[in-house]
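Listed below, chain by chain, are the residues.
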Amino acid sequence: MRRIGNAFLAIVLIVCAAAAIRTGAGAEPEKTLLTVYEGPKTMRSSATAAVSVNGFDLFVYDVMVNHEHIWNADTQPSSTPMTYFDFSGTARIEVRMPGLEQEVESAEVLPGSAGIIPEVKDGTVRFSVSQPGQYTVVFNGNVNKALHIFANPPEEDIPDPEDPNVYFIGPGEWVMDAIVLHDNETLYISGGAVLHSIISVPNARNVRIRGRGIIDGSDFPAWNQPGSYARVPISLDHSRDVTVEDVIVANSNCWNVNSYSCRNVTMNNVKVISGRQNGDGFTFQSCTDHTVTGCFARTWDDSLVLKNYSGSTKGITFRNCQIWTDLAQSMEIGYETDKGLTLDPEISEVLFEDITVLYNFHKPVISIHNSDDAFVHDITYRNIVVENAFMQGDNGNNKELIEMTLQNSSWSTVKDEFGSIDNVLIDGLTVLNTADGKIPRSRFAGHDEEHRITNVTLQNVTILGTPITSLKDMKLSADDYCDGITVR
């Protein structure tokens, strides 16, 4: 047994009752299963937000976010409220915001595709959800102090704390050295647990990281401060057959969920909120066969990012994810595409599908920056919805919606050779709102006759309600080293 803390300290309220909601005359009452988690005794619930679900109060955490859309090495993040629970049936949510400077007069629940129109009365916001998912509430049209609610499905198959291959983290607040997982081991972080540590999976097989608790990096100063260094909350290194699911990663001092030279990795319902330098969300280098589904990333750097550090990248899928990017790019390939000086490096067979970008506040939403000599090909973006494309801050002229380039940068390792980009499909791109109410431009730039961007198709694109069917409509510029760029 490797139990950390008391596995039975959780104060978990489970309500299984016939709710007073009926689907029609004479219908059976709908049954609702609800699990709420008490926060650690060593922590206080947020003074900013008070949230209840079906009449039961939730513990609300204050997590670091960064509203600066400029790179600042000494930035001081602010905070925003976050809470979570598990349910099936109907969850009736009530929110009050005593920490706002003014009373709540209006509210919006994201994603817009959920179709939720909240009731706002006397400063209280009320709405219901019937599907598990990630929901964000924005108050008075201002993203400051937006509330993130993670409504999970009921938890199943909780591991046995007596199992010798299980690290079982019970409820409460825990400060620990790095947890290193080896072959066939599971780390389980209970709901109601806040773990101040990092998790490392080096050269291991058949490893699981799961649970409803929080991995919290707030004890560590930002990685670029004197005497500090990067402490990645979840770090996979040369491992295979790894599953990460349901956990929350908050307040990291650097990157959040990192996979390096790994194979066959699955991530599901992982939530990341990051407000410090280089706070990339899900970042994979030289990996193969990774699938990320139903995840959430609010980041102060790239949200979903692929690079090559010591080999090629192949077979990566991001599906049904929500992202909020406060700085840098939302879906980024590059800039480092051959940091390990690999012979014939590639990034290929990559799929971004059913992605909702709640806010993109800085640089391009979709970007391929082949800054070394890799062959980047067979990349698909399908059903991408950008609710708010607000490219702002210190991006200079880098305000593109889509950008693809073959150019050296400050991140280049290979300075004297260049690669290519081929066979990219963007099928279904919808932009609902922009900062200035205009269609943002896009830019493609190859390098020379031998290093080109070829065969890029954009179809089913709608921006600000207007179907886009031409390069001109798209405001897309392509230089002389681009061929086969089609908008239809």
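This is a predicted model, so every value here is computed, not measured.

Scoring rules and cut-offs
Residues numbered from 1 in each chain as written. Predicted model: local features only at pLDDT ≥ 70, side-chain atom pairs only at ≥ 80, totals over all residues. Heavy atoms only, no water. Helix = DSSP H or I, 4+ residues; strand = E, 2+ residues; numbered from the N terminus. Buried < 20%, exposed > 50% of the residue type's maximum accessible area, 1.4 Å probe, protein only. Areas by Shrake-Rupley, 256 points an atom, 1.4 Å probe, with all protein chains shown as cover. Lys, Arg positive; Asp, Glu negative; His and termini not counted. Charge placed at Lys NZ, Arg CZ, Asp CG, Glu CD. 1 Å grid on protein atoms, 1.4 Å probe; cavity = no way out; pocket = protein on both sides within 12 Å on 5 of 7 lines; lining within 4 Å. Points joined across faces, edges and corners; volume = space filled by probe spheres on them. Nonpolar A, V, L, I, M, F, W, Y, C, P; charged D, E, K, R; others polar. Domains from an automatic or database assignment. Contact = heavy atoms within 4.5 Å. Buried area = accessible area lost by both parts, 1.4 Å probe. Salt bridge = Lys/Arg side-chain N within 4 Å of Asp/Glu carboxyl O. Polar contact = N/O pair within 3.5 Å; in protein donor to acceptor, adjacent residues only side chain to side chain. Pairing = 2+ DSSP bridges.

**Quick notes on the overall build of the protein chain**
Piece 1. Looking only at helices and strands, the protein chain features 1 helix and 43 strands.
Piece 2. Dimensions of the protein chain, computed from C-alpha atoms along their principal axes, come out at roughly 65 × 50 × 50 Å.
Piece 3. Put simply, the protein chain has 488 residues, and 58% of those count as buried.
Piece 4. Accessible surface for the protein chain amounts to roughly 19,200 Å². Of this, 46% is attributable to carbon and sulfur atoms.
Piece 5. One finds the centroid of the 36 positive side-chain charges in the protein chain at a distance of 4 Å from the centroid of its 63 negative side-chain charges.

**Details of empty space enclosed by the protein**
Piece 1. Using the criterion set out here, one finds 1 cavity of 30 Å³ or more in the structure.
Piece 2. Considering only enclosed or pocket space, the largest cavity measures out at about 30 Å³ in volume.
Piece 3. Forming the walls of the largest cavity are Ser-197, Ile-198, Ile-215, Asp-216, Gly-217, Phe-220, Arg-231, Pro-233, Ser-252 and Asn-253.
Piece 4. Of the residues in the lining of the largest cavity, the class split is 4 nonpolar, 4 polar and 2 charged.

**Things to note about the domain arrangement of the protein chain**
Piece 1. Domain annotation of the protein chain identifies domain 1 (33–152) and domain 2 (199–487).
Piece 2. The straight-line distance from the C-alpha centre of domain 1 to that of domain 2 is 27 Å.
Piece 3. On the side of domain 2, 35 residues touch domain 1, which itself brings 32 residues to the contact.
Piece 4. Carbon and sulfur atoms supply 60% of the area that domain 1 and domain 2 bury against each other, a total of about 2,900 Å² over both sides.
Piece 5. There are 1 salt bridge connecting domain 1 and domain 2.
Piece 6. The shortest N-O distance in the salt bridge between Asp-86 and Arg-212 comes to 2.9 Å.
Piece 7. If you look at where domain 1 meets domain 2, you find 19 residue pairs in polar contact (both at pLDDT 80 or more).

**Re the sheet that holds strand β11 (residues 124–129)**
Piece 1. If you walk across this open sheet you meet the 5 strands as β5-β4-β8-β11-β10, and the pairing is antiparallel. Edge strands, defined here as strands with exactly one partner in the open sheet, are β5 (56–57) and β10 (119–121).
Piece 2. In this structure, strand β4 (residues 50–53) lies alongside strand β8 (residues 91–96), joined through 4 bridges in antiparallel fashion. Its bridge partner being in β8, Ala-50 is matched across the sheet by Arg-96.

**Overview of unusual backbone geometry**
Piece 1. With an omega of 5 degrees, the peptide bond running from Leu-110 to Pro-111 counts as cis.
Piece 2. Residue placement: Pro-111 occurs in the loop between β9 (107–110) and β10.
Piece 3. Omega for the bond connecting Gly-334 with Tyr-335 falls within 30 degrees of zero, at -10 degrees, which places this linkage in the cis form.
Piece 4. As for its placement among the helices and strands, Tyr-335 is situated in strand β33 (residues 331–335).
Piece 5. Residues other than glycine seldom take positive phi values, yet Asp-289 does so here, at roughly 55 degrees.
Piece 6. Note on placement: Asp-289 falls in strand β29 (residues 288–293).
Piece 7. A residue is classified by how much of its surface remains accessible, and Asp-289, at 41% relative accessible area, is partly exposed.
Piece 8. Phi at Asp-344 is positive, roughly 55 degrees, even though this residue is not glycine.

**Section: the pattern of salt bridges**
Piece 1. Per the counting criterion, the structure on display carries 18 salt bridges.
Piece 2. Among the salt bridges present, the one from Glu-155 reaches Arg-210, with a minimum N-O distance of 3.7 Å. Here Glu-155, found in the loop between β13 (142–152) and β14 (166–169), pairs with Arg-210, found in strand β20 (residues 205–211); they are 55 residues apart in sequence, far enough to count as distant.
Piece 3. Accessibility expressed as a relative area gives 19% for Glu-155, which makes it buried.
Piece 4. Classification of Arg-210 by relative accessible area gives buried; the value is 4%.
Piece 5. Here Arg-212 makes a salt bridge to Asp-246, at a shortest N to O gap of 3.5 Å.

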